[in-house]
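So the chains spell out like this:
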Amino acid sequence: LNGGSLASSSTFWRGDGAWAAATAAVTPDNWQYFSLGSNTSQLSSSTQSVITGWGTPSLNARLLYNFGTQYTSVSSGNFSFSTEGYYKVLFRASGSTHGATEYNSYLDTTTNNSSYSDAIDLNGYTSTGAGFNYMLEGIFKITDTSNHKVRFSVYPHSANMTFAGNTSRMRTYCRFERLGTAS
């Protein structure tokens, strides 16, 4: 109430003494998971490797679902988008190394469907016999569905790495969430 006027459910009182329209919060129109169904070894140390072996999990018995239109597909570890938009991309890694190693993990992007470079990176260290867990996350503006793609890669410095996969629970996985249109 201000000076005898009432706000509607779609307005709010601003600090400058005026009513303003409320805008809707961002609500994703889809949520899509991919996971490794079995352990995936990155074959050699001192080499950057694209993480492959992704599939669509079926964990409905554990109440874990994809929802909405599924806009993302994967081929040889490269993720493509069938429609433009802002996408929140999350990558969660779990696994072990075959000895102590420093490592770099990357969320790579391309704008020409050919040359990938890291958009997000993480530097880590794992001691002998220890496991690792980490996450990478970013929001990406996809405007060219033929050329804009993402992938996940790792560079172990001195020991091979194995990423944990499982068909009955999520261990190493990624999630794509379309937040809305990019136009």
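Residues numbered from 1 in each chain as written. Predicted model: local features only at pLDDT ≥ 70, side-chain atom pairs only at ≥ 80, totals over all residues. Heavy atoms only, no water.

K.L.:
Quick question: what am I supposed to make of the nonpolar core here?
P.N.:
Taken as a class, soluble globular proteins show a tendency for nonpolar side chains to be buried jointly. By size, the foremost hydrophobic cluster in this structure holds 25 residues, and its most contacted members are Trp 54, Phe 91, Phe 152, Phe 163 and Phe 176. Of all the secondary-structure elements, those providing two or more residues to this core are strand 3 (30–36), strand 9 (78–81), strand 10 (85–97), strand 11 (101–110), strand 13 (131–142), strand 14 (149–156), strand 15 (161–163) and strand 16 (173–180). With five residues, the top contributor of residues to this core is strand 13. Those residues in contact with Phe 91 that sit more than four places away from it in its chain are Ile 51, Trp 54, Ser 105, Tyr 134, Met 135, Leu 136, Phe 152, Phe 163, Thr 172, Tyr 173 and Cys 174. Listed in part, the five residues of the second largest apolar core include Tyr 33, Leu 59, Leu 90 and Met 170. (Core = buried A, V, L, I, M, F, W, Y, C linked by side-chain atoms within 4.5 Å. Buried < 20%, exposed > 50% of the residue type's maximum accessible area, 1.4 Å probe, protein only. Helix = DSSP H or I, 4+ residues; strand = E, 2+ residues; numbered from the N terminus. Contact = heavy atoms within 4.5 Å.)

K.L.:
For this particular structure, what's the right way to read the pairing of strand 12 (residues 117–126)?
P.N.:
Looking along a regular strand, one sees side chains alternate from face to face of the sheet. Where strand 11 lies against strand 12, nine bridges are found, and the strand directions are antiparallel. Paired with Thr 101 across the two strands is Thr 126, which belongs to strand 12. Linking strand 11 to strand 12, which pair antiparallel, is a turn of six residues; within it Asn 113 sits at a positive phi near 60°. (Pairing = 2+ DSSP bridges.)

K.L.:
Can you walk me through the packing of aromatic side chains in this structure?
P.N.:
The geometry of two aromatic rings is summed up by the distance between their centres and the angle between their planes. Tallied over the entire structure, the rule returns 18 aromatic pairs. Note on Phe 81 and Tyr 87: the rings are 4.5 Å apart at their centroids and 50° apart in plane angle, and the pair reads as tilted. What links up through ring pairs into an aromatic cluster is the set Phe 34, Trp 54, Phe 79, Phe 81, Tyr 87, Phe 91, Tyr 103, Phe 132, Tyr 134, Phe 152, Phe 163 and Phe 176. Note that Arg 151 overlies the ring of Tyr 116, its terminal NZ or CZ placed 4.0 Å from the centroid. When the ring centre of Tyr 71 is taken as origin, the NZ or CZ atom of Arg 178, which lies over that ring, is 5.2 Å away. (Phe/Tyr/Trp six-rings, centres within 6.5 Å; stacked < 30°, edge-to-face > 60°. Lys NZ or Arg CZ within 6 Å of the ring centre and 35° of its normal.)

K.L.:
Quick question: what am I supposed to make of the environment of Ser 146 here?
P.N.:
The topology assignment puts Ser 146 in the loop between strand 13 and strand 14. Remark: the alpha-carbon pair of Ser 146 and Asn 112, spanning 34 residues in sequence, is separated by 8.2 Å.

K.L.:
Is there a simple way to think about the pattern of salt bridges in this case?
P.N.:
Pairing between side chains of opposite charge can happen when the charged atoms of each approach one another. Applying the stated criterion to the full structure yields five salt bridges. Between Glu 84 and Arg 178 there is a salt bridge, and its shortest N-O distance comes to 3.5 Å. In this pair, Glu 84 sits in the loop between strand 9 and strand 10 while Arg 178 sits in strand 16, placing the two residues 94 residues apart along the sequence. Where salt bridges share partners, they join Asp 29, Glu 84 and Arg 178 into one cluster. (Salt bridge = Lys/Arg side-chain N within 4 Å of Asp/Glu carboxyl O.)

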